Structures are given as structure tokens and as C-alpha cells.
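Chain residues, written in single-letter form:
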Amino acid sequence: MAVAKDGTIAFAFDIDGVLVKGTKPVPGAREALELLQRLRVPFIFLTNGGGHTEEAHVARLGRRLGLTLDPQQFVQSHTPFRDLVPDYGDSTVLVLGGHGQQIRELACAYGFQRVVTSSDVLARHEHVHPFPEMTRDHHLQHGRSGEGNSDDDEQPLRVAAILVWTSPRDWCLDLQVIADLLLSDGGVVGTRSARNGDASLPNCGFQQGGQPALFFCNPDFEWSTEHSHPRLAQGAFRAALEGIWNRATGGRAALEYTLVGKPTDATFRYGERVLRQYADELNPAHPSSLATVYMVGDNPESDIVGANAFRSPDGLSWNSVLVETGVHVPGSVPSHEPHHTAANVAEAIDFVLRKEGLIAGDSSE
């Protein structure tokens, strides 16, 4: 079976708005990926989606596309959180996003041992939610008052890190809990740090008193669904928190946090590492021969700007391809110029394969 120029090219695909919209596959996506599989062209999914283990996500996408896929091909928005386990695996972490026990179970699967949710915080502190009327029943069902403290349930809950895994569902509660913890004394729920507002300290003393580290994994402000217009995503939640933080600190302090997910350099580095490993396993006769990666996405603010800006530590060339089946509106001028624009993922793959000489015919801009 043919191998693409001895394994020198590969693809990274966004998912929502590129391969599927909501639960429905984009026309031509399955056949285009099947062609890559036949040609043994390596590809990964580099997505700002998440909320499930890589194994569960690959099974779901495989069912929707009618394809057999490998969990090794998946880099979700929160996959880089695996690298936090050595630092926080034995500490209490607050995890946000999803519903029910979904994110708690996901964090535990990654290796975090002491996991709490905002529902757990509400179970311990019944008045923490300023407006609980619409969501109380859900939190009562899923909150666990004893989570987080390994030895003594009577001890105050102390949180070492806050990890936002997917777009939070109860913004009101989650924004309140994060604000409380970032203003707390040493990450203890229900306290306030005496350092807050101290102009003699960095950041006017805010987030300088052992408060939990804050991590986000999806910069996207909006995402493509089956709705006629994109919907708010985790990036919008972060923007809301930044506005609240600015008001809470009187504009004196920046919100300190770590961000992964496209278009961050950290996520593209992580994705390239995964892609190289997968390419070597797919084509063992030509290990480490990968030279060019084509990032195919629908969002200029994440897929395109990320690929354009990324400088591979291993010298790989990343090229961006924008498709018009998701966030980007056909006929509009993208905020970041791609190397190529295609109507859909099938046309994008066809363009690249012709350009690289893997199928007959000339590519054209």
C-alpha cells in the first residue's frame, strides 16, 4: 500500500465544524478520512472539544463517521492536563464543566486522586450559590459533602488548583466559587486573604497568598453547533470571569491563569509530539520522516492563527487550511489568513493530496 512520500506529510483536524456539526457528519468527511487511511497518511484530531476520555471520544466520533479510529489520534483541549498530575495528583483540585459526575470521573481517569466539583462545594456550604433556584436539584443529586479531604471530613476544604475542563453549565455558581477561591486565604473555602489589595506586593497582593492555581483548556469564545449561529464556549466563560475579577479587584490586579488549547503554543507542541509518535507507529519503515503538517480547521481564531504562529521545535512545517462549514462564514474575510481555503474537509484533503502528488491532477489555489 502506498505511503505518502515516505511518510513526510500528515494532517491535524479540528472536529466540530470540520468533520461534524453537532451529532451529524459533514458531507464527504468519512470518505476523505477513509482515503487517508488507505494511503497511510497519518492524522490526528486536535480539538478544543472535550469532556470525555480520549477512548470515549474516539468511539463516539467513530460511530458518527462510521470509521475505526485510534485513541492515540486524539488530542482534546484538556489532554495536556495529564502533565499536571505529577504536581496536583495527590492534592485537592476543583474541576469545572460538564454535568453530573462526568468531569469528576474524567479527572480521576487522568490520575487526579482528590477531586471536588462546584456541586460538592455547595453541598458543604449551602449559601455559596447566590441564585440556586433553577439548578439546586442537580447539585443536590450530584454534590458530595465529604469529597476533597482524605482524612478528616470536618476540616475546611482547601483547594490547590482549579481546572476548567469544558464549558461550565451553571455559570452563576462556578463564577462565584472561582472568585471566592481566588480571594481566599491559602485556597480555603470561606476565607479571605489579608494580602488582597496590598499595593506593596506583586499584583496588589491578589493571588499572592497560596490561592489555587487556575487552569483553562479552551480559548474558543464560541463554537459551531447545529444552531444557525455559533454558541458561547469556554473562552466566553473566561472573559466573564476576567470582567468579574476586574470589578472585584477595582482594576488593580490581572487575573493570573494558565491557558492551554488551540491556539496556544503548548497545545500545538503537545499535538506535534502525539502526531510524530503516531506517524512512526503507522509507518515504521520511515520513522521520524515527518516534515509537513496540514492543520484543517473552521475557526481562524484558533485553528488558523495557531498553525500560522507555531514554530515546531523539530523543524516541521505547519500549514493552515480553512474550511467553510463551521465558524468561518463563506465569503467573509478571515481574521487570520490561512495558507489555503476550501469549501469543506473533502476539498481540503483533495487539494493537499494533489499538491503533494499522492493523487493524480494538479492542485490549484
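Caption draft 1: A look at the overall build of the protein chain. Looking only at helices and strands, the protein chain has 11 helices and 15 strands in total. By the compact-globule yardstick of 21 Å for 365 residues, the protein chain fits well, its C-alpha radius of gyration being 22 Å. By its C-alpha atoms, the protein chain is 70 × 40 × 40 Å across when sized along the principal axes. A total of 365 residues make up the protein chain; the buried ones form 53% of that total. Partitioning the intrachain contacts of the protein chain with sequence separation of at least 6 by distance along the chain shows that 70% fall at a separation of at least 24. In the structure as shown, the protein chain presents an accessible area of about 15,900 Å², 49% of it carried by carbon and sulfur atoms. A distance of 1 Å separates the average location of the 30 positive side-chain charges in the protein chain from that of its 46 negative side-chain charges.

Caption draft 2: The arrangement of the pairing of strand β1 (residues 9-13) in detail. Among the five residues that make up β1, five are buried, leaving the element largely enclosed by the rest of the structure. Burial along β1 is two-sided: the residues Ile9, Phe11 and Phe13 and Ala10 and Ala12 are all buried. Direction of pairing for β1 relative to strand β13 (residues 292-297): parallel, over a ladder of five bridges. Residue Phe11 lies in a different strand from β13, and its bridge partner there is Tyr294.

Caption draft 3: Quick look at unusual backbone geometry. That bond from Lys262 to Pro263 is cis: its omega, 10°, falls within 30 degrees of zero. With a phi close to 60°, Arg40 is a non-glycine residue in the positive phi region. Locating Arg40 in the fold gives a position in the loop between α1 (29-39) and β4 (43-46). Residue Arg40 is classed as partly exposed on the basis of its relative accessible area of 29%. Positive phi, normally seen in glycine, also occurs at Asn203, with a value near 55°. Structurally, Asn203 is set in the loop between α7 (171-182) and β9 (213-216). Residue class for Asn203 comes out buried when judged on its relative accessible area of 18%.

Caption draft 4: Expanded view of the layout of surface pockets. Estimates place the volume of the largest pocket at around 660 Å³. Taken together, 39 residues make up the lining of the largest pocket; nearest its centre are Asp16, Asn48, Gly49, Gly50 and Trp223. Breaking the lining of the largest pocket down by element, the ones donating at least two residues are α2 (54-65), β10 (222-223) and α10 (300-309). The element that contributes the greatest number of residues to the lining of the largest pocket is α2, accounting for four residues. Counted by class, the lining of the largest pocket contains 10 nonpolar, 18 polar and 11 charged residues.

Caption draft 5: View of helix α4 (residues 102-110). By the burial criterion, the buried members of α4 are Gln102, Ile103, Arg104, Leu106, Ala107 and Tyr110. On the buried face of α4, the contacting elements are α2, α3 (85-88), β6 (92-96), β7 (114-116), α5 (118-124) and α6 (136-142). One or two residues past the end of α4 sits Gly111, with phi positive at roughly 120°.

Caption draft 6: Local environment of the pairing of β4. Alternating positions in β4 separate into two faces, Phe43 and Phe45 on one and Ile44 and Leu46 on the other, with burial throughout. The pairing of β1 with β4 spans three bridges and is classified as parallel. Directly across from Phe11, in β4, lies its bridge partner Phe43. The sheet contact formed by β4 and strand β5 (residues 74-75) spans two bridges and is parallel.

Basis of the calculations
- Residues numbered from 1 in each chain as written.
- Predicted model: local features only at pLDDT ≥ 70, side-chain atom pairs only at ≥ 80, totals over all residues.
- Heavy atoms only, no water.
- Helix = DSSP H or I, 4+ residues; strand = E, 2+ residues; numbered from the N terminus.
- Rg over C-alpha atoms; globule rule 2.2 N^0.38 Å.
- Buried < 20%, exposed > 50% of the residue type's maximum accessible area, 1.4 Å probe, protein only.
- Contact = heavy atoms within 4.5 Å.
- Areas by Shrake-Rupley, 256 points an atom, 1.4 Å probe, with all protein chains shown as cover.
- Lys, Arg positive; Asp, Glu negative; His and termini not counted.
- Charge placed at Lys NZ, Arg CZ, Asp CG, Glu CD.
- Pairing = 2+ DSSP bridges.
- 1 Å grid on protein atoms, 1.4 Å probe; cavity = no way out; pocket = protein on both sides within 12 Å on 5 of 7 lines; lining within 4 Å.
- Points joined across faces, edges and corners; volume = space filled by probe spheres on them.
- Nonpolar A, V, L, I, M, F, W, Y, C, P; charged D, E, K, R; others polar.

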